[in-house]
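Listed below are the residues making up each chain.
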Amino acid sequence: MARTSPAERPLSPHLQIYKPTITMMMSILHRITGAALFFGTLLVVGFLLALASGKASFATAQAIYGSALGKLVLFGYTYALFQHMLGGIRHFIWDTAAGLERETRFKLAWATLIGALALTVLVWICVLVG
Amino acid sequence: MAKSTNPFVTPTARVRGLGAAKSGTGHFWLSRVTALSNAILTVAFVIIVLKLIKTDYAGAIKLIGHPVAAILMLLFTLSAAVHMRLGMQVIIEDYIHSEGKKVVLLALNTFFAIAVGVAAAYSILKIGFAA
């Protein structure tokens, strides 16, 4: 007779069991930055709405986005954007079944983090200096 | 979830055609296609924003109102809206196990993505046609 109810199977070990690795961290960061960008889109839409609504609302938006807190949030948005973008490119490489070896995996993970931080700093140098 | 306790459906029948995701590779593929368009359009978006922060109101209207910038911004916001809906859907499906709560959140996710896309598109078009 065929079994009709699912068998009781052991659960696979989860996060707290493993020693943190850079690949694990970049995977978690990819999801966190993705979720952050989901809500961060409101920053883009808010700015566009303000610009479309006229001079007064644009001035208000400029004051909010240009404040210290505003700049901090935008700095975080910039980092999330680049972290998620480079993480996505890493996934594209894996989609071709390349770069899955242990050493390459670690190099790609570090490249994602360092690249995202470098691009964020570069953009903000352009913002503050340019 | 309810289906797994149905004694008249064998595990094979349950998995065949449907599986846990209840869809094929459409979700995966669209997330990859929009990831590619997002990556390309992000470059344009960053350049436009860097130009934007140096301008006043009139300059910003002129900049976003330019057809090339307007079209690139439209593509960026719409591509992002589709991609973020797919991504948030996976997050909800991963962490929310109550069926009712999950269905409500998945609907809200869709509403949010469409609202974001429409609000961005309307604003850009209004700026573009007024400029």
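Scroll up a little and you will see the structure.
Residues numbered from 1 in each chain as written. Chains lettered and ligands numbered in written order. Predicted model: local features only at pLDDT ≥ 70, side-chain atom pairs only at ≥ 80, totals over all residues.

A. The overall build of chain A, seen in detail. Counting its secondary structure elements, chain A contains 4 helices and 0 strands. Counted from the first residue to the last, chain A has its helices and strands arranged as α-α-α-α. For chain A, the spread of C-alpha atoms along the principal axes amounts to about 75 × 40 × 30 Å. Scored against the burial criterion, the 130 residues of chain A give a buried share of 27%. Intrachain contacts of chain A at a sequence separation of at least 6 include 68% that bridge at least 24 residues. (Helix = DSSP H or I, 4+ residues; strand = E, 2+ residues; numbered from the N terminus. Buried ≥ 20, exposed ≤ 12 C-beta atoms within 10 Å, placed from the backbone. Contact = placed C-beta atoms within 7 Å.)

B. Structural view of the overall build of chain B. Each helix and strand in chain B was counted, giving 5 helices and 0 strands. In chain B, the succession of α and β elements from N to C terminus is α-α-α-α-α. Scored against the burial criterion, the 131 residues of chain B give a buried share of 24%. Pairs at least 24 residues apart make up 70% of the contacts formed inside chain B by residues separated by at least 6 positions.

C. Representation of the interface of chain A and chain B in the model. Listed as interface residues are 24 residues of chain A and, on the opposing side, 27 residues of chain B. Looking at the side of chain A that touches chain B, the elements with two or more residues in it are α1 (22–53), α2 (55–66), α3 (68–95) and α4 (102–128) of chain A. With 12 residues, the top contributor of residues to the side of chain A that touches chain B is α1 of chain A. Split into classes, the residues belonging to the side of chain A that touches chain B amount to 18 nonpolar, 4 polar and 2 charged. (Nonpolar A, V, L, I, M, F, W, Y, C, P; charged D, E, K, R; others polar.)

D. Spotlight on the nonpolar core. One finds L48 and L51 of chain A together with I64, M84 and A120 of chain B to be the most contacted residues of the largest nonpolar core, which totals 38 residues. Elements with a minimum of two residues in this core: α1, α2 and α3 of chain A together with α2 (26–52), α3 (57–65), α4 (67–95) and α5 (99–130) of chain B. With residues near it in sequence (within four places) discarded, M84 of chain B still touches L37, F38 and T41 of chain A together with A113 of chain B. (Core = buried A, V, L, I, M, F, W, Y, C linked by C-beta atoms within 7 Å.)

E. Structural context of the environment of A111 of chain A. Relative to the assigned elements, A111 of chain A resides in helix α4. With 14 C-beta atoms packed within 10 Å, A111 of chain A lands in the partly exposed category.

F. Summary view of the environment of S79 of chain B. All names here are of chain B. Topologically, S79 is positioned in helix α4. Sequence spacing of S79 and V118 is 39 residues, and the spatial spacing of their C-alpha atoms is 12 Å. Dropping the residues within four chain positions of it, S79 is found in contact with T34, S37, N38 and L41.

G. Seen up close, α5 of chain B. Taking 1.5 Å per residue, 32 residues should reach 46 Å; α5 of chain B reaches 46 Å between its end C-alpha atoms and fits that length. The set of residues buried in α5 of chain B consists of A113, V116, G117, A119, A120, S123, I124 and I127 of chain B. The inward-facing, buried residues of α5 of chain B contact α1 of chain A together with α3 and α4 of chain B. (Expected span 1.5 Å × (residues − 1).)

H. The environment of A120 of chain B, seen in detail. Relative to the helices and strands, A120 of chain B is located in helix α5. For A120 of chain B, a count of 25 C-beta atoms within 10 Å puts it in the buried group. Spatially, the C-alpha atoms of A120 of chain B and P7 of chain B are 49 Å apart, while their sequence positions differ by 113 residues. Beyond its immediate chain neighbours, meaning those up to four positions away, A120 of chain B contacts V44, V45 and L48 of chain A together with T77 of chain B.

I. Summary view of unusual backbone geometry. Although it is not a glycine, A97 of chain A sits at a positive phi angle of roughly 65°. Inspection of the secondary structure puts A97 of chain A in the loop between α3 and α4.

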